[in-house]
Amino acid sequence: MARKKFVCGNWKMHRTAAEARALVRELRAAAEPLADRVDVAVAPPFTALFAVAAELAGSRIGLSAQNLHWESQGAFTGEVSAPMLVDAGCRYVLCGHSERRQFFGDTDEAVQKKTRAALAAGLHPVVCVGETLPERESGRTLEVVGRQVRAALSGLTPAQVGSLTVAYEPVWAIGTGKTATSAQAQEVHAAIRAILRELAQGVADSVRILYGGSVKPDNAAELLSQPDVDGALVGGASLKAADFTGIIQGAIR
Ligand code: 13P
(Lines give C-alpha, C1' and ligand atoms only; values in the text may rest on other atoms or scores of the structure.)
Protein backbone atom coordinates (compact mmCIF):
# COMPACT_ATOMS: atom_id res chain seq x y z
CA MET A 1 0.00 0.00 0.00
CA ALA A 2 1.28 3.46 -0.85
CA ARG A 3 1.69 5.59 2.24
CA LYS A 4 2.29 9.31 1.84
CA LYS A 5 5.70 10.07 3.31
CA PHE A 6 5.88 12.27 6.42
CA VAL A 7 8.87 14.38 7.44
CA CYS A 8 8.77 16.07 10.84
CA GLY A 9 11.39 18.42 12.27
CA ASN A 10 11.97 18.22 16.03
CA TRP A 11 13.59 21.48 17.05
CA LYS A 12 14.13 20.26 20.63
CA MET A 13 15.20 23.10 22.98
CA HIS A 14 16.27 25.47 20.23
CA ARG A 15 15.00 28.84 18.96
CA THR A 16 13.28 31.77 20.63
CA ALA A 17 9.92 32.82 19.18
CA ALA A 18 11.55 35.43 16.93
CA GLU A 19 14.19 32.95 15.72
CA ALA A 20 11.50 30.32 15.16
CA ARG A 21 9.48 32.72 13.02
CA ALA A 22 12.50 33.47 10.88
CA LEU A 23 13.33 29.79 10.43
CA VAL A 24 9.80 28.81 9.51
CA ARG A 25 9.50 31.71 7.07
CA GLU A 26 12.61 30.46 5.30
CA LEU A 27 11.35 26.88 5.42
CA ARG A 28 7.97 27.85 4.03
CA ALA A 29 9.54 29.59 1.07
CA ALA A 30 11.63 26.50 0.27
CA ALA A 31 9.38 23.60 1.24
CA GLU A 32 5.78 24.72 0.72
CA PRO A 33 5.80 23.56 -2.93
CA LEU A 34 6.79 20.05 -1.77
CA ALA A 35 4.15 19.82 0.94
CA ASP A 36 1.43 18.42 -1.31
CA ARG A 37 3.59 15.36 -2.09
CA VAL A 38 4.98 14.81 1.40
CA ASP A 39 3.37 15.60 4.76
CA VAL A 40 5.65 18.06 6.52
CA ALA A 41 5.56 19.31 10.11
CA VAL A 42 7.76 21.21 12.54
CA ALA A 43 7.89 20.83 16.32
CA PRO A 44 9.19 24.02 17.96
CA PRO A 45 9.45 24.51 21.74
CA PHE A 46 6.18 25.37 23.53
CA THR A 47 7.11 29.05 23.80
CA ALA A 48 7.30 29.40 20.01
CA LEU A 49 4.13 27.46 19.10
CA PHE A 50 1.83 30.47 18.75
CA ALA A 51 4.40 32.45 16.79
CA VAL A 52 5.06 29.56 14.40
CA ALA A 53 1.32 28.85 14.03
CA ALA A 54 0.82 32.47 12.95
CA GLU A 55 3.68 32.15 10.46
CA LEU A 56 2.16 28.92 9.09
CA ALA A 57 -1.34 30.36 8.55
CA GLY A 58 -2.68 29.00 5.27
CA SER A 59 0.30 26.65 4.91
CA ARG A 60 0.21 22.90 4.35
CA ILE A 61 3.13 22.55 6.74
CA GLY A 62 1.74 21.26 10.03
CA LEU A 63 2.59 22.20 13.60
CA SER A 64 3.64 19.70 16.24
CA ALA A 65 4.46 19.95 19.93
CA GLN A 66 7.28 17.95 21.49
CA ASN A 67 5.50 16.69 24.61
CA LEU A 68 2.29 16.97 26.64
CA HIS A 69 0.76 16.05 29.96
CA TRP A 70 -2.05 13.49 29.95
CA GLU A 71 -4.46 15.46 32.15
CA SER A 72 -6.38 18.21 30.39
CA GLN A 73 -5.92 20.71 33.23
CA GLY A 74 -5.08 20.88 36.92
CA ALA A 75 -2.36 21.49 39.47
CA PHE A 76 0.58 20.23 37.38
CA THR A 77 3.11 23.05 37.53
CA GLY A 78 5.21 23.32 34.41
CA GLU A 79 3.08 21.01 32.27
CA VAL A 80 1.06 21.64 29.10
CA SER A 81 -2.07 19.69 28.10
CA ALA A 82 -3.41 18.35 24.82
CA PRO A 83 -6.30 20.86 24.62
CA MET A 84 -3.75 23.66 25.15
CA LEU A 85 -1.72 22.35 22.23
CA VAL A 86 -4.83 22.26 20.04
CA ASP A 87 -5.47 25.85 21.13
CA ALA A 88 -1.93 26.77 20.05
CA GLY A 89 -2.61 25.38 16.57
CA CYS A 90 -0.95 21.96 16.83
CA ARG A 91 -1.99 19.00 14.67
CA TYR A 92 0.67 16.59 15.98
CA VAL A 93 2.49 15.89 19.22
CA LEU A 94 5.54 13.75 19.94
CA CYS A 95 4.94 11.17 22.69
CA GLY A 96 7.78 9.35 24.44
CA HIS A 97 10.78 10.84 22.67
CA SER A 98 13.89 9.06 23.96
CA GLU A 99 15.15 12.28 25.54
CA ARG A 100 11.92 12.39 27.59
CA ARG A 101 12.38 8.73 28.52
CA GLN A 102 16.12 9.12 29.34
CA PHE A 103 16.25 12.50 31.09
CA PHE A 104 12.73 13.14 32.38
CA GLY A 105 11.56 9.73 33.48
CA ASP A 106 8.84 9.11 30.88
CA THR A 107 7.87 5.47 31.41
CA ASP A 108 6.00 3.20 28.99
CA GLU A 109 2.90 3.85 31.08
CA ALA A 110 3.31 7.63 30.85
CA VAL A 111 3.78 7.36 27.09
CA GLN A 112 0.56 5.37 26.84
CA LYS A 113 -1.36 7.98 28.85
CA LYS A 114 0.07 10.79 26.72
CA THR A 115 -0.83 8.97 23.52
CA ARG A 116 -4.42 8.48 24.71
CA ALA A 117 -4.73 12.09 25.84
CA ALA A 118 -3.45 13.33 22.49
CA LEU A 119 -5.95 11.18 20.59
CA ALA A 120 -8.81 12.26 22.86
CA ALA A 121 -8.05 15.89 22.02
CA GLY A 122 -7.95 15.19 18.28
CA LEU A 123 -4.17 15.42 17.94
CA HIS A 124 -2.13 12.94 15.90
CA PRO A 125 0.46 11.41 18.24
CA VAL A 126 3.93 10.58 16.94
CA VAL A 127 4.86 7.74 19.28
CA CYS A 128 8.65 7.47 19.61
CA VAL A 129 10.45 4.22 20.36
CA GLY A 130 14.03 3.03 20.14
CA GLU A 131 16.77 0.99 21.79
CA THR A 132 19.96 2.17 23.51
CA LEU A 133 23.40 1.02 22.36
CA PRO A 134 23.78 -1.61 25.15
CA GLU A 135 20.32 -2.95 24.25
CA ARG A 136 21.31 -3.27 20.58
CA GLU A 137 24.68 -4.79 21.39
CA SER A 138 23.05 -7.40 23.60
CA GLY A 139 20.65 -8.39 20.81
CA ARG A 140 17.55 -6.97 22.51
CA THR A 141 16.51 -4.35 19.93
CA LEU A 142 13.31 -6.02 18.75
CA GLU A 143 12.32 -7.00 22.28
CA VAL A 144 12.74 -3.43 23.61
CA VAL A 145 11.08 -1.72 20.66
CA GLY A 146 8.27 -4.30 20.69
CA ARG A 147 7.63 -3.68 24.37
CA GLN A 148 7.54 0.09 23.84
CA VAL A 149 5.12 -0.15 20.90
CA ARG A 150 2.78 -2.59 22.65
CA ALA A 151 2.75 -0.47 25.82
CA ALA A 152 2.08 2.82 24.06
CA LEU A 153 -0.71 1.40 21.90
CA SER A 154 -2.36 -0.91 24.41
CA GLY A 155 -6.11 -0.52 24.62
CA LEU A 156 -6.41 1.69 21.54
CA THR A 157 -9.10 1.01 18.95
CA PRO A 158 -7.95 0.23 15.40
CA ALA A 159 -9.25 3.66 14.34
CA GLN A 160 -7.06 5.31 16.98
CA VAL A 161 -4.03 3.31 15.88
CA GLY A 162 -4.84 4.43 12.35
CA SER A 163 -4.52 8.09 13.27
CA LEU A 164 -1.11 7.90 14.89
CA THR A 165 2.44 7.71 13.59
CA VAL A 166 5.27 5.63 15.05
CA ALA A 167 8.83 6.95 15.02
CA TYR A 168 11.72 4.52 15.39
CA GLU A 169 14.73 6.38 16.74
CA PRO A 170 17.67 4.26 17.87
CA VAL A 171 19.06 6.21 20.83
CA TRP A 172 22.65 5.58 19.71
CA ALA A 173 21.94 7.33 16.40
CA ILE A 174 20.43 10.52 17.85
CA GLY A 175 22.70 13.53 17.56
CA THR A 176 25.75 11.31 17.12
CA GLY A 177 26.17 11.41 13.35
CA LYS A 178 25.82 7.60 13.42
CA THR A 179 22.85 6.56 11.32
CA ALA A 180 21.30 3.13 11.30
CA THR A 181 21.94 1.47 7.97
CA SER A 182 18.87 1.30 5.78
CA ALA A 183 18.81 -2.49 6.38
CA GLN A 184 18.91 -2.00 10.17
CA ALA A 185 16.09 0.53 9.96
CA GLN A 186 13.99 -1.66 7.66
CA GLU A 187 14.39 -4.67 9.97
CA VAL A 188 12.98 -2.77 12.95
CA HIS A 189 10.29 -1.01 10.91
CA ALA A 190 9.07 -4.35 9.55
CA ALA A 191 8.94 -5.74 13.11
CA ILE A 192 6.90 -2.71 14.23
CA ARG A 193 4.57 -3.20 11.25
CA ALA A 194 4.05 -6.83 12.27
CA ILE A 195 3.04 -5.72 15.78
CA LEU A 196 0.67 -3.14 14.30
CA ARG A 197 -0.95 -5.94 12.27
CA GLU A 198 -1.52 -7.89 15.48
CA LEU A 199 -2.95 -4.89 17.31
CA ALA A 200 -4.96 -3.29 14.53
CA GLN A 201 -5.26 -5.63 11.57
CA GLY A 202 -7.20 -3.40 9.20
CA VAL A 203 -5.15 -0.23 9.56
CA ALA A 204 -1.57 -1.48 10.05
CA ASP A 205 -0.64 -0.95 6.43
CA SER A 206 -1.70 2.68 6.50
CA VAL A 207 0.22 3.67 9.65
CA ARG A 208 3.40 5.59 8.92
CA ILE A 209 6.60 4.52 10.63
CA LEU A 210 9.28 7.24 10.61
CA TYR A 211 13.00 6.76 11.09
CA GLY A 212 14.95 9.22 13.25
CA GLY A 213 18.61 9.50 14.20
CA SER A 214 21.13 11.65 12.31
CA VAL A 215 18.99 11.94 9.18
CA LYS A 216 20.67 14.37 6.77
CA PRO A 217 20.06 15.41 3.16
CA ASP A 218 22.73 12.94 1.98
CA ASN A 219 21.30 9.83 3.67
CA ALA A 220 17.56 10.56 3.60
CA ALA A 221 16.79 9.17 0.14
CA GLU A 222 18.48 5.83 0.87
CA LEU A 223 16.75 5.40 4.26
CA LEU A 224 13.39 6.48 2.89
CA SER A 225 13.61 4.09 -0.05
CA GLN A 226 13.04 1.15 2.32
CA PRO A 227 9.56 -0.37 2.04
CA ASP A 228 8.56 0.25 5.67
CA VAL A 229 10.36 3.56 6.20
CA ASP A 230 7.61 6.09 5.64
CA GLY A 231 9.41 9.28 6.53
CA ALA A 232 11.81 10.88 8.96
CA LEU A 233 11.86 12.53 12.36
CA VAL A 234 14.70 15.00 12.06
CA GLY A 235 16.57 16.75 14.86
CA GLY A 236 19.69 18.79 14.10
CA ALA A 237 19.16 19.03 10.35
CA SER A 238 15.66 20.47 10.81
CA LEU A 239 17.19 23.68 12.23
CA LYS A 240 18.53 24.61 8.80
CA ALA A 241 15.85 25.30 6.19
CA ALA A 242 18.07 24.11 3.32
CA ASP A 243 18.97 20.82 5.01
CA PHE A 244 15.40 20.11 6.07
CA THR A 245 14.19 20.85 2.55
CA GLY A 246 16.87 18.51 1.19
CA ILE A 247 15.50 15.74 3.40
CA ILE A 248 11.95 16.40 2.21
CA GLN A 249 13.22 16.13 -1.36
CA GLY A 250 14.80 12.79 -0.41
CA ALA A 251 11.32 11.60 0.54
CA ILE A 252 10.04 12.33 -2.97
CA ARG A 253 12.76 10.69 -5.01
P1 13P B 1 19.13 14.10 15.21
O2 13P B 1 18.52 14.18 13.83
O3 13P B 1 19.77 15.39 15.63
O4 13P B 1 19.99 12.90 15.36
O5 13P B 1 17.90 13.91 16.23
C6 13P B 1 16.97 12.92 16.00
C7 13P B 1 15.82 13.11 16.91
O8 13P B 1 15.91 12.86 18.11
C9 13P B 1 14.56 13.62 16.35
O10 13P B 1 13.52 13.49 17.25
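Shown above is the structure to which this text applies.
A brief look at the structure comes next. These numbers were taken from a predicted model, which means no experiment stands behind them.

Reading the values: rules and limits
- Numbering of residues begins from 1 in every chain and follows the order in which that chain's sequence is written.
- Per-residue local features of the predicted model are confined to residues with pLDDT of at least 70, and side-chain atom pairs are confined, for both listing and counting, to 80 or more; whole-chain, interface and lining totals are unaffected and use all residues.
- Water and hydrogen atoms play no part in the side-chain values, which are based on all heavy atoms of the structure.
- Burial classes follow relative accessibility: with a 1.4 Å probe on protein chains only, a residue under 20% of its type's maximum area counts as buried, one over 50% as exposed, and anything between as partly exposed.
- Secondary structure follows DSSP: runs of H or I at least 4 residues long count as helices, runs of E at least 2 residues long count as strands, and numbering of each begins at the N terminus.
- Each pair of strands is called paired provided DSSP finds at least two bridges between the two strands.
- With strands facing away from the observer, any crossover in which the path from the first strand over the helix to the second runs clockwise is taken as right-handed.
- Only buried Ala, Val, Leu, Ile, Met, Phe, Trp, Tyr and Cys residues count toward a nonpolar core, and they belong to the same one when joined by side-chain atoms within 4.5 Å.
- In this analysis, two residues are considered to be in contact whenever any of their non-hydrogen atoms come within 4.5 Å of each other.
- What counts as a salt bridge is simple: a side-chain nitrogen of Lys or Arg found within 4 Å of a carboxyl oxygen of Asp or Glu.
- A cavity here means a set of points on a 1 Å grid, drawn over the protein atoms and nothing else, where a 1.4 Å probe fits but cannot get out; a pocket is an open set with protein on both sides within 12 Å along at least five of seven lines, and a residue lines either one if it has an atom within 4 Å of a point.
- Grid points are joined across faces, edges and corners, and a volume is the space filled by probe spheres set on the points.
- In this classification, Asp, Glu, Lys and Arg are treated as charged, Ala, Val, Leu, Ile, Met, Phe, Trp, Tyr, Cys and Pro as nonpolar, and every other residue, Gly included, as polar.
- We call a residue near a given molecule or strand whenever any one of its heavy atoms falls within 4 Å of it.
- Contacts described as polar in this section are N or O atom pairs within 3.5 Å, which, within protein, must combine one atom able to donate a hydrogen with one able to accept it, while residues neighboring in sequence count only if both atoms come from side chains.
- Computed with the Shrake-Rupley method and a 1.4 Å probe, the accessible areas treat only the protein chains shown as cover for residues.

This part covers the pairing of strand E1 (residues 6-10). Across the 5 residues that make up E1, a large majority, 5, are buried. Where E1 and strand E2 (residues 39-43) come together, 5 bridges link them in parallel fashion. From the neighbouring strand, Val7 faces E2, where its bridge partner is Val40. Crossover handedness for the path E1 to helix H1 (residues 17-31) to E2: right-handed. Note that E1 and strand E8 (residues 231-234) share 4 bridges and pair parallel. Within the sheet, the bridge partner assigned to Phe6 lies in E8 and is Gly231.

Ranked by internal contacts, the top residues of the largest apolar core, which has 70 residues, are Val42, Val52, Leu153, Ile192 and Tyr211. Ignoring sequence-local partners within four residues, the contact set of Val52 consists of Trp11, Ala20, Val24, Val42, Pro44 and Leu63. Membership of the second largest hydrophobic core comes to 10 residues, among which are Phe6, Tyr92, Leu94 and Leu233.

Turning our attention to the pattern of salt bridges. All told, the structure shown has 21 salt bridges when counted by the stated rule. In this structure, Asp228 and Arg3 form a salt bridge, with 3.6 Å as the shortest nitrogen-oxygen distance. Of this pair, Asp228 sits in the loop between helix H10 (217-224) and E8 while Arg3 sits in the segment before E1, and the two are 225 residues apart along the sequence. Here the two residues Asp228 and Arg3 agree in accessibility, since each one is buried. A network of salt bridges, in which partner residues are shared, links Arg3, Arg193, Asp228 and Asp230.

Of note, the phi angle at Arg15 is positive, near 90°, even though the residue is not glycine. Secondary-structure assignment places Arg15 in the loop between E1 and H1. What makes Arg15 partly exposed here is its relative accessible area of 32%. In this structure, Ser214 is a non-glycine residue whose phi angle is positive, near 55°. Along the chain, the position of Ser214 falls in the loop between strand E7 (209-212) and H10. Relative accessible area serves as the criterion here: at 9%, Ser214 is assigned to the buried category.

So, about the layout of surface pockets. In this structure, the largest pocket occupies an estimated 440 Å³ of space. Taken together, 18 residues form the lining of the largest pocket, with Lys12, Met13, Gln66, Arg100 and Phe104 sitting closest to its centre. Among the elements that make up the lining of the largest pocket, the one with the highest residue count is helix H4 (residues 98-104) (4 residues). Broken down by class, the residue content of the lining of the largest pocket amounts to 8 nonpolar, 6 polar and 4 charged.

The environment of the ligand is formed by 13 residues, the closest being His97, Glu169, Gly175, Ser214 and Gly236. Separating an oxygen atom of the ligand from a side-chain N or O atom of Glu169 is a distance of 2.9 Å. Between an oxygen atom of the ligand and a main-chain N or O atom of Gly236, the distance comes to 2.8 Å. Here the ligand, which alone exposes 300 Å², has 96% of that area covered by the protein. Among the residues making up the shell around the ligand, the classes are represented as 4 nonpolar, 7 polar and 2 charged.

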